[in-house]
Amino acid sequence: MILEWLFGARRRLDIDVASVCEQGLVRRDNQDHFFISPDRTLFCVADGMGGGDGGAKASEIVCAHMTKVAENAGSFPDMMKRASDEINEANAEIRDYAAHRRWRQMGSTLAAIFIDPSSGNLGVACHVGDSRIYRVRSGNLELLTHDHTVAGEIGRRASCKTLTDELAHRMGALSHVLTRAVGIEDTVTPDWRKIDIRRGDVYMICSDGVYDMLESSAICAALYGHDTSQGAVDALSKGILEAGAADNFTCIVIRIGGES
């Protein structure tokens, strides 16, 4: 008790998580993968691209390397260092896999959240490609990532945090031409962002098959309008399927509770 009075009590987080990973109604296969660590400190979604089984294999490789991060995490700084190393290892493995099969290109997006269990309020968001991380706080939806696409980079250079859905729609195919992904270049450069985690936050990590099918208002309503992560996932899935589910869709919903 004296130590808590001197240094502050460590906050205990109650993390409610649910997920879905579906083929959709149009695609012949599912090239998405996801991973949630057993201790709920690492959550990631990967969306593959490439011919044959290339996309599915690329996203599988990315998630396999994130599994290694969780298995050998150590301290949070060690976890972040290992995550960076494993992303580079995944990049090299994907490129070797494609070269061995003489495929021109294969790759995968990555969007991940890491939570420091020792602090109770520190997280890190990492992403490459156009899979996204959203947060709902006090009823407001915020996009924590920007798309590594031709359209997304144009929006960033124009000093916009992200392109609006309407503008991205007008840009057509450019909204999904990736400028960065794991495996498409000799090196990969993820974006890293420190995030403060608060009780009541709701986070969603998703592939483009989610946000392409749903307006931002529908995403916010699903995430904020349910008391459980499973309820939010069910509402998102229902909306995506009703909209036609033109792509694979994967999402992880994370609700933060606990004692402050």
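None of the values given here were measured: they were computed from a predicted structure. (Residues numbered from 1 in each chain as written. Predicted model: local features only at pLDDT ≥ 70, side-chain atom pairs only at ≥ 80, totals over all residues. Heavy atoms only, no water.)

Enquirer: So what's going on with the nonpolar core? Residues and values would help.
Expert: Counting residues in each nonpolar core, the largest one holds 29 residues, and the members touching the most others are L42, C44, M66, M79, L110, F114 and V182. If you list the elements that add at least two residues to this core, you get β3 (42-50), α2 (54-71), α3 (76-100), β5 (110-115) and β6 (122-128). Top element by residues in this core is α3. It accounts for nine residues. In this structure, V182 is in contact with V62, I87, A90, N91, I94, M106, G107, S108, L110, V128 and V188, ignoring residues within four places of it in sequence. (Core = buried A, V, L, I, M, F, W, Y, C linked by side-chain atoms within 4.5 Å. Buried < 20%, exposed > 50% of the residue type's maximum accessible area, 1.4 Å probe, protein only. Helix = DSSP H or I, 4+ residues; strand = E, 2+ residues; numbered from the N terminus. Contact = heavy atoms within 4.5 Å.)

Enquirer: Go over the pattern of salt bridges with me, naming the residues and quoting the values.
Expert: Any two side chains of opposite charge can pair, on the condition that their charged atoms come close. Following the criterion strictly, the structure yields 14 salt bridges and no others. Of the charged contacts, one joins R135 and D196 as a salt bridge, the two residues approaching to 3.8 Å between their closest N and O atoms. Of the two residues, R135 sits in strand β7 (residues 132-137) while D196 sits in strand β9 (residues 191-196), which places them 61 residues apart along the sequence. Taking the relative accessible area as the measure of exposure, R135 reaches 6% and is therefore buried. (Salt bridge = Lys/Arg side-chain N within 4 Å of Asp/Glu carboxyl O.)

Enquirer: I'd love a proper account of the side chain of R135, names of residues and values included.
Expert: A polar side-chain atom of R135 sits 3.5 Å from the main-chain carbonyl oxygen of D196. In this structure, R135 is in contact with N140, L141, E142, L144, I195, D196, D201, V202 and Y203, ignoring residues within four places of it in sequence. (Polar contact = N/O pair within 3.5 Å; in protein donor to acceptor, adjacent residues only side chain to side chain.)

Enquirer: Can you tell me about the confidence of the model for the chain, naming the residues and giving the values?
Expert: Averaged over all residues, the pLDDT of the chain is 89; the fraction at 70 or higher stands at 84%. This model gives residues 1-9 a pLDDT under 50, and the stretch forms two contacts once residues within four places in sequence are excluded. (pLDDT = per-residue confidence, 0-100.)

Enquirer: An account of the packing of aromatic side chains is needed here, citing residue identities and associated values.
Expert: The relation between two aromatic rings is expressed through the spacing of the ring centres and the mutual angle of the planes. Evaluated as defined, the whole model comprises two aromatic pairs. One residue, R132, lies across the ring of Y211, its end atom 3.6 Å from the ring centre. (Phe/Tyr/Trp six-rings, centres within 6.5 Å; stacked < 30°, edge-to-face > 60°. Lys NZ or Arg CZ within 6 Å of the ring centre and 35° of its normal.)

Enquirer: Which residues make up the packing of helix α7 (residues 216-224) against helix α8 (residues 229-242), and what values go with them?
Expert: Relative orientation of the contacting elements α7 and α8 amounts to 150°, with a least axis distance of 7 Å. In terms of axis orientation, α7 runs roughly antiparallel to α8. Judged by residue contacts, I219, A222 and L223 of α7 engage A232, A235 and L236 from α8. Residues of the contact of α7 with α8, tallied by class, amount to six nonpolar, no polar and no charged. (Axes fitted to C-alpha atoms, helices over the stretch in contact; angles between N-to-C directions. Parallel < 35°, antiparallel > 145°, perpendicular 65-115°, else oblique. Nonpolar A, V, L, I, M, F, W, Y, C, P; charged D, E, K, R; others polar.)

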